[in-house]
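Read off the chains here:
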2 protein chains.
Amino acid sequence: MSKTQLESAKAGIVTKEMVEASQGEELTPEEIRDYIANGWVVIPKNKNRSVKNVKAIGKGLRTKVNANLGTSDEKADLDFEKRKLEAAIKAGTDSVMDLSTGGDLNKAREFFLENSPVMVGAVPIYGIASEMARKGRNVEEMTEEMIFDSIEQQCLQGVDYITVHCGVTQETAARLKYAERIMPCVSRGGSITLRWMRKNKKENPLYEHFDELLKIAHKYDVTLSLGDGFRPGTVLDAIDGPQISELLILGELAKRAREKGVQVIIEGPGHVPLEHIKPHVRLEKKLCNEAPFYVLGPLPTDIAPGYDHITAAIGGAVAAAAGVDFLCYVTPAEHLGLPDEKDVYLGVMAARIAAHVGDISKGIKSAIERDRAMSVARQNLNWEEMARQALDGELLRCRAHIAQDKEACTMCGKLCAVKLSRTED
Amino acid sequence: MSKTQLESAKAGIVTKEMVEASQGEELTPEEIRDYIANGWVVIPKNKNRSVKNVKAIGKGLRTKVNANLGTSDEKADLDFEKRKLEAAIKAGTDSVMDLSTGGDLNKAREFFLENSPVMVGAVPIYGIASEMARKGRNVEEMTEEMIFDSIEQQCLQGVDYITVHCGVTQETAARLKYAERIMPCVSRGGSITLRWMRKNKKENPLYEHFDELLKIAHKYDVTLSLGDGFRPGTVLDAIDGPQISELLILGELAKRAREKGVQVIIEGPGHVPLEHIKPHVRLEKKLCNEAPFYVLGPLPTDIAPGYDHITAAIGGAVAAAAGVDFLCYVTPAEHLGLPDEKDVYLGVMAARIAAHVGDISKGIKSAIERDRAMSVARQNLNWEEMARQALDGELLRCRAHIAQDKEACTMCGKLCAVKLSRTED
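Residue indices follow the written sequence of each chain, beginning from 1 at its first position. Each chain gets a letter, beginning with A, and each ligand a number, beginning with 1, in the order they are written. Reporting in this predicted model follows two pLDDT cut-offs: at least 70 for local features of residues, and 80 or more for side-chain atom pairs to be given and counted; totals over whole chains, interfaces and linings ignore these cut-offs and use all residues. As a convention, hydrogens and water are excluded, and side-chain values are obtained from all of the structure's heavy atoms.

**Observations concerning the domain arrangement of chain A**
All names here are of chain A.
So, step 1. Residue ranges assigned to the domains are those given by an automatic or database domain assignment. Annotation of chain A at the domain level lists domain 1 (5–362) and domain 2 (366–420).
So, step 2. For domain 1 and domain 2, the distance between their C-alpha centres works out to 37 Å.
So, step 3. Listed as interface residues are nine residues of domain 1 and, on the opposing side, eight residues of domain 2.
So, step 4. Take the accessible area each of two parts loses on contact, using a 1.4 Å probe, and add the two losses: that sum is the buried area. For the pair domain 1 and domain 2, the summed buried area comes to about 760 Å², and 56% of that belongs to carbon and sulfur atoms.
So, step 5. On the domain 1 side of the contact with domain 2, Arg352, His356 and Ile360 bury the most area, a combined 46% of that side's loss.
So, step 6. For salt bridges, the criterion is a side-chain nitrogen of Lys or Arg within 4 Å of an Asp or Glu carboxyl oxygen. Where domain 1 packs against domain 2, one counts one salt bridge.
So, step 7. Glu394 is the salt-bridge partner of Lys90, the closest N and O atoms lying 3.2 Å from each other.
So, step 8. As used in this structure description, the phrase polar contact means that two N or O atoms lie within 3.5 Å; if the pair is within protein, one of them must be able to donate a hydrogen and the other to accept it, and residues adjacent in sequence are counted only when both atoms belong to side chains. If you look at where domain 1 meets domain 2, you find five residue pairs in polar contact (both at pLDDT 80 or more).
So, step 9. Of all the elements, helix 16 (residues 341–362) adds the most residues to the side of domain 1 that touches domain 2, at seven residues.
So, step 10. Amino acids are sorted into nonpolar (Ala, Val, Leu, Ile, Met, Phe, Trp, Tyr, Cys and Pro), charged (Asp, Glu, Lys and Arg) and polar (every other residue, Gly among them). Taken together, the residues of the side of domain 1 that touches domain 2 break down into four nonpolar, one polar and four charged. For this analysis, residues touch if any pair of their heavy atoms sits within 4.5 Å. By the criteria applied, helices consist of DSSP H or I runs no shorter than four residues and strands consist of E runs no shorter than two, each listed in order from the N terminus.

**Quick look at the relation of the copies chain A and chain B**
So, step 1. Superposing chain A onto chain B takes a rotation of 180 degrees plus a shift of 0.0 Å along the axis, which leaves an RMSD of 0.0 Å. Taken together, the rotation and translation describe the operation of a two-fold axis. If distances are taken from each C-alpha of chain A to the rotation axis, the shortest is found for Ile314 of chain A, at 2.1 Å.
So, step 2. A symmetric contact is evident, with 100% of the interface residues of chain A recurring at the interface of chain B. Least squares is the method used to superpose the copies, on C-alpha atoms of residues holding a pLDDT of at least 70 in both.

**Quick notes on the side chain of Ser150 of chain B**
So, step 1. Of note, Ser150 of chain B is situated in helix 7 (residues 144–157).
So, step 2. Not counting chain neighbours up to four residues away, the residues in contact with Ser150 of chain B comprise Pro124 and Ile128 of chain B.

**Side note on a positive patch on the surface**
So, step 1. Surface patches are defined over residues having more than 30% relative accessible area and no salt bridge, joining like charges when they lie within 9 Å and nonpolar side chains (Val, Leu, Ile, Met, Phe, Trp, Tyr) when within 5 Å. Here the accessible surface of atoms and residues is derived via Shrake-Rupley with a 1.4 Å probe, and residues count as covered only by protein chains that are part of the display. Two residue types count as positive, namely Lys and Arg, and two as negative, namely Asp and Glu; His and chain ends fall outside the count. A charge is said to be at NZ when it belongs to Lys, at CZ for Arg, at CG for Asp and at CD for Glu. A grouping of Lys59, Lys278 and Arg282 of chain A together with Lys59, Lys278 and Arg282 of chain B is seen on the molecular surface, where their side chains present a positively charged patch.
So, step 2. Every element with two or more residues in the positive patch is listed here: helix 14 (274–287) of chain A together with helix 14 (274–287) of chain B.
So, step 3. By the secondary structure assignment, Arg282 of chain B is in helix 14.

**Digging into a negative patch on the surface**
So, step 1. A contiguous patch of negative charge, built from Asp104, Glu110, Glu114 and Glu131 of chain B, is present on the exposed surface.
So, step 2. Tracing the chain through its elements places Glu114 of chain B in helix 5 (residues 105–115).

**What about the layout of surface pockets?**
So, step 1. A volume near 680 Å³ is recorded for the largest pocket.
So, step 2. Using protein atoms alone on a 1 Å grid, points that fit a 1.4 Å probe yet trap it form a cavity, whereas open point sets bounded by protein on both sides within 12 Å along at least five of seven lines form a pocket; residues with an atom within 4 Å of a point count as lining. Around the largest pocket sit 25 residues that line it, and His309 and Leu346 of chain A together with His309, Lys342 and Leu346 of chain B are the ones nearest its centre.
So, step 3. Every element with two or more residues in the lining of the largest pocket is listed here: helix 16 and helix 19 (393–399) of chain A together with helix 16 (341–362) and helix 19 (393–399) of chain B.
So, step 4. Here the residues of the lining of the largest pocket sort into ten nonpolar, four polar and eleven charged.
So, step 5. Around the second largest pocket, the lining comprises 16 residues; the ones closest to its centre are Lys278 and Val318 of chain A together with Leu274, Lys278 and Val318 of chain B.
So, step 6. Taken together, the elements giving at least two residues each to the lining of the second largest pocket come down to helix 14 and helix 15 (308–322) of chain A together with helix 14 and helix 15 (308–322) of chain B. Grid points are joined across faces, edges and corners, and a volume is the space filled by probe spheres set on the points.

**Regarding the nonpolar core**
So, step 1. Leu224 and Leu226 of chain A together with Leu224 and Leu226 of chain B are the most contacted members of the largest nonpolar core, which totals 226 residues.
So, step 2. When neighbours within four sequence positions are excluded, Leu226 of chain A is seen to be in contact with Val164, Cys166, Phe210, Leu250, Leu253, Ala254, Val264, Ile265, Ile266 and Glu267 of chain A.
So, step 3. Among buried residues, those of type Ala, Val, Leu, Ile, Met, Phe, Trp, Tyr and Cys that are joined through side-chain atoms within 4.5 Å constitute a nonpolar core. Three labels apply to residues, based on accessible area from a 1.4 Å probe with only protein chains included: buried if under 20% of the type maximum, exposed if over 50%, partly exposed otherwise in between. Counting 14 residues, the second largest nonpolar core, distinct from the first, contains Leu6, Ile32, Tyr35 and Ile36 of chain B.

**What to know about the pattern of salt bridges**
So, step 1. Under the criterion given, the structure shown has 58 salt bridges over all chains.
So, step 2. Close ionic contact of Arg422 of chain A with Glu407 of chain A constitutes a salt bridge, the shortest N to O distance being 3.9 Å. With Arg422 of chain A in the segment after helix 20 (417–420) and Glu407 of chain A in the loop between helix 19 and helix 20, this pair connects stretches of sequence that are 15 residues apart.
So, step 3. Glu81 of chain B is the salt-bridge partner of Lys84 of chain B, the closest N and O atoms lying 3.1 Å from each other. Here Glu81 of chain B and Lys84 of chain B lie together in helix 4 (residues 78–90), a separation of three residues that amounts to about one turn. An identical accessibility class is assigned to Lys84 of chain B and Glu81 of chain B; each is buried.

**Here's the deal with the environment of Gln404 of chain B**
So, step 1. Along the chain, Gln404 of chain B falls in the loop between helix 19 and helix 20 (417–420).
So, step 2. Taking the C-alpha atoms as reference points, Gln404 of chain B and His276 of chain B, separated by 128 residues in sequence, lie 49 Å from one another.

**What about helix 6 (residues 124–134) of chain B?**
Each α-helix winds once per 3.6 residues, and so residues spaced three or four apart point in a common direction.
Residues and elements named next belong to chain B.
So, step 1. Here helix 6 lies mainly inside the structure; nine of its eleven residues are buried.
So, step 2. Listed in full, the buried residues belonging to helix 6 are Pro124, Ile125, Tyr126, Gly127, Ile128, Ala129, Ser130, Met132 and Ala133.
So, step 3. If you follow the buried residues of helix 6, they end up packed against helix 5, strand 5 (119–122), helix 7, strand 6 (161–164) and helix 10 (188–200).

**As for the sheet that holds strand 4 (residues 95–98) of chain B**
Residue and element names in this part refer to chain B.
So, step 1. Pairs of strands are assigned from DSSP output, requiring at least two bridges between the strands. The strand order 3-4-5-6-7-8-9-10 describes a closed barrel built from eight strands, whose pairing is parallel. For this sheet, the mean inter-axis angle between neighbouring strands, taken without regard to orientation, is 25 degrees.
So, step 2. Note that strand 7 (residues 223–226) and strand 8 (residues 264–268) share three bridges and pair parallel. For Leu224, the partnering residue across the bridge sits in strand 8 and is Val264.
So, step 3. Axis lines are fitted through C-alpha atoms, for helices just across the contact stretch, and the angle between N-to-C directions can take any value from 0 to 180 degrees. Taken strand by strand, helix 13 (residues 241–259) contacts strand 7 and strand 8, and its axis lies near 170 degrees from that of strand 8.

**Notes on helix 17 (residues 365–379) of chain A**
So, step 1. Over its 15 residues, helix 17 of chain A runs 21 Å from end to end, which matches the ideal 21 Å to within 8%, given 1.5 Å per residue.
So, step 2. Along helix 17 of chain A, the residues classified as buried are Ala367, Ile368, Asp371, Met374, Ser375, Ala377, Arg378 and Gln379 of chain A.
So, step 3. Where helix 17 of chain A is buried, its residues touch helix 16, helix 18 (383–389) and helix 20 of chain A together with helix 15 of chain B.
So, step 4. One or two positions beyond helix 17 of chain A, positive phi appears at Leu381 of chain A, with a value near 50 degrees. Helices are assigned an expected span. That span is 1.5 Å times one less than the residue count.

This is the structure we're talking about:
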């Protein structure tokens, strides 16, 4: 069996993927190799899939962005998914996750794996739970065998990384009693697992048989994204017993995964008050031996549905600046319904702004250099160059209203500060 | 002559305005009085104007939001301004500034003063500079008398607060030489002043004759918003000699203003890298004896024109959490042209999200209580209550896509985490 990226790294081998992933980054392929060996960086890429844009996630690298796509039982339409995938790619996402729960799930997964030029993640348990729901059966009727079979089948199909809620255990669940949460569980995978455990009075199979999971992940070199089933669902529930005890477990599982040559990412919140974001990121990094961190938002307030891409950009920028490596986008449709292609586009753009703001703080040189190029273009009132440097040049070209003098915009016109402060006239 | 708010506060008097401004706040009218006496809080309200919603800005109070409105020489249309004012008010702004530079400026000002239910600010020098430009004359041809006459006339008309770029002095301007900025001056008022000083080889009259300015402000109880003409125009120019030396001067002028019974706000940047925002806010607060701070953005990156409301929300939230009291909105049109009513609405909403996120961190109890109410509604899948608690309930009602079961939304449908994690079934 060929080596996983992590095994190659440990053996001192620079793989083709490490070379590809160094493109557009400030780390050399050798540095990426060493960081992967330490568990600081991952390259999510299934052995059974060829990805056009191979990317690495973690320390010293640009902050990456993921867009959640996929059908729901209320809207299962692959043409719609195609439009959303195109929007996500056009907006510059580094990754997509297929979170389909409606229609033919196998076909949807196949669609994303075939059509996405970037890494594809999935949450295997959604598939089985959706099938149960469609058959009118309860999620607790899933057998352990069904769960592992479904995971293996999705890995075989080519998924690059999978979210597995291994930290939802009897121990962490017991802490819910003391936490007095407003929203006990807002993670879909977490709530499925929790219900299964409660109804079957058993331990979470993905925790109990974690070695089994590692075998599958190792076989296909699928990166494990250790999900946070107890992530807070409101800023008021943030940073409590269930969340932190789950994080402790994820840190331990990360260690076990690395020992077996399996790459691992840790997932984080969720909803967190602004001043708790940085300390929490530092805690996660410490407890998980600097494993790459992947956060959803975080949202520093709950009261802005319809604008949650903005709220997430606030939390995401602060998180990225504090060391988060991977931002899952949040769209304007979050908390309201399934996003459409416009939501997807806006969600990716907002997450990319947050990632870039974080990259400036992280000291990623190419980030600040782009701000420099933009600012020089602004001082020169060079609109074409501004469009080239803008995150969304097309939008700039479409929205810029140039004044009659062809230099300033219609905001200031004759009283343009840039022109007034020039010393040459 | 009747006392200013500051003089009343110093004399231990609780004014009608202090009582009105305590509505919706967690400070008592007496506390507001004491904070005004210390210069920590201001109530911008011209003696010649009756404002429907009197509000205070500063320490211990909710973070307030301003929307910049007004004509430009490229678009001077009062119907357009009316629509923008309505959008700003509907979105919940606490203040508007009339930054008109096109058409009949006197009429535009009159329009805002008559129709705005919230405080109205202005930048007097725009008026005179625009008139010069319209006559085909250079801004440096303004006389000192014209400048002061125009300020007095606008104060007489009823403007509640005015931005005056008193800190653009020969001393601060000299520091430009060492700063090597990409964009020497991006403040419209600052660049007008700078050009006037350079061409006339004279000191800034608003600095040289600051006591004259204080007399006018005192007469109408107009709050002075000490503008930052040398605010950075790119994250690369942030925190340098011109900016910090201007801040030192503003702190000194704030002291002089308070001694004369004139309320004062300090204006801040601008464009600032994320990790510099908090230290800079603390520096400003220290140098200016805890005067209320009013920032434009700040924008932690320059590369996202078209999305600058999002970028500003990131910086604004971090700034508010660090102690900023007043956020000037940035619209999606920033750096592209004059905003329309949709831009205004989005700009105010984004700034209010930032203000609210900051208020949670500041410990404003009513802020977190709203998040609590929203979260309880979410756990109960009570969509009507969610709409009541949302920042934009109308948008929520219009955008929520409820699944067939009438409880969950179309994102998760049957696999709704809230439902799955309920213990009762």
